[in-house]
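Listed here are the chains, written in short residue letters.
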Amino acid sequence: MTSWRTGQGIDAHAFCTGRPLVLGGVRIPYEKGLAGHSDADVLVHAIMDALLGAAAMGDIGRLFPPTDNAYKDISSLDLLEKVSHLLTINGWMVVNVDATIIAENPRVSPFKKEMENNIQKRIAGKPVINVKATTTEGLGFTGRGEGVASLAVALISRNKED
């Protein structure tokens, strides 16, 4: 018998100066980066929370607390690899991830394929990864250019014997 579960994740960070903008492990040319303890990659953070939620294993704040200096400026792709390993040792396989980046600027569409490749390389089993990008047509904090948000949905499976 196969067990299937879905999870969702959301993350948002404000823009700040003096940091690179990293989304999906790609450095995006832009005059601002995102504020955060790690590299503040909102796309990967949302994906990790979706995966952890699907497996009922908490969230990234619990696993990688912002009070722990071990995670200061760490690549979120490295953390994603740790999440993937945690799922694997608990018998879960990632089937697919569908994620959306919400930002008025910068335009990230030219970087989506590279983001998908970066994410897929860090998850065991090479699941299907889909990254989309949208704006809010000037509405809200993303529309005002104050930051970036991301949403993700993940499907995981596990073979169970009755």
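Scroll up for the structure.
Quick caveat: nothing in here was measured; it's all calculated off a predicted structure.

Procedures and definitions
Residues numbered from 1 in each chain as written. Predicted model: local features only at pLDDT ≥ 70, side-chain atom pairs only at ≥ 80, totals over all residues. Heavy atoms only, no water. Phe/Tyr/Trp six-rings, centres within 6.5 Å; stacked < 30°, edge-to-face > 60°. Helix = DSSP H or I, 4+ residues; strand = E, 2+ residues; numbered from the N terminus. Buried < 20%, exposed > 50% of the residue type's maximum accessible area, 1.4 Å probe, protein only. Salt bridge = Lys/Arg side-chain N within 4 Å of Asp/Glu carboxyl O. Pairing = 2+ DSSP bridges. Contact = heavy atoms within 4.5 Å. Axes fitted to C-alpha atoms, helices over the stretch in contact; angles between N-to-C directions.

A. Structural view of the packing of aromatic side chains. In total, this model carries two aromatic pairs according to the counting rule given. Measuring from centroid to centroid gives 5.4 Å for Phe15 and Tyr30, while their planes differ by 40°, and the two rings are tilted. Placement of Phe15 in strand 1 (residues 2-16) and of Tyr30 in the loop between strand 3 (26-28) and strand 4 (33-34) is noted, with a sequence separation of 15 residues between them. A relative accessible area of 12% means that Phe15 is categorised as buried. We classify Tyr30 as partly exposed; its relative accessible area is 27%. Ring geometry for Phe64 versus Tyr71: centroids 5.2 Å apart, planes at 75°, classification edge-to-face.

B. Here's a closer look at the pattern of salt bridges. Throughout the structure, instances matching the rule amount to seven salt bridges. We note a salt bridge from Asp73 to Lys72, for which the minimum N-O separation is 4.0 Å. Under the relative-accessibility criterion, Lys72 is labelled partly exposed at 44%. Between Asp78 and Arg122 there is a salt bridge, with the nearest N and O atoms lying 2.7 Å from each other. Of this pair, Asp78 sits in helix 3 (residues 76-89) while Arg122 sits in the loop between helix 4 (112-121) and strand 6 (128-134), and the two are 44 residues apart along the sequence. Salt bridges sharing common partners tie together Arg19, Lys72 and Asp73.

C. Structural view of unusual backbone geometry. Here the bond from Asn105 into Pro106 is cis, since omega is 0°, no more than 30 degrees from zero. Phi at Glu137 takes a positive value of approximately 55°, unusual for a residue other than glycine. Inspection of the secondary structure puts Glu137 in the loop between strand 6 and helix 5 (140-143).

D. Seen up close, the sheet that holds strand 7 (residues 147-159). Strands sit in the order 4-1-7-5-6 across an open sheet of five strands; the sheet is mixed. Each having just a single partner strand, strand 4 and strand 6 make up the two edges of the open sheet. Looking at chain direction, strand 5 (residues 93-102) and strand 7 are connected through nine bridges and run antiparallel. Each bridged residue has a counterpart across the sheet, and for Ala99 the counterpart in strand 7 is Ala152. The strands that helix 4 touches are strand 5 and strand 6; relative to strand 6, the one it contacts most, it runs at about 145°.

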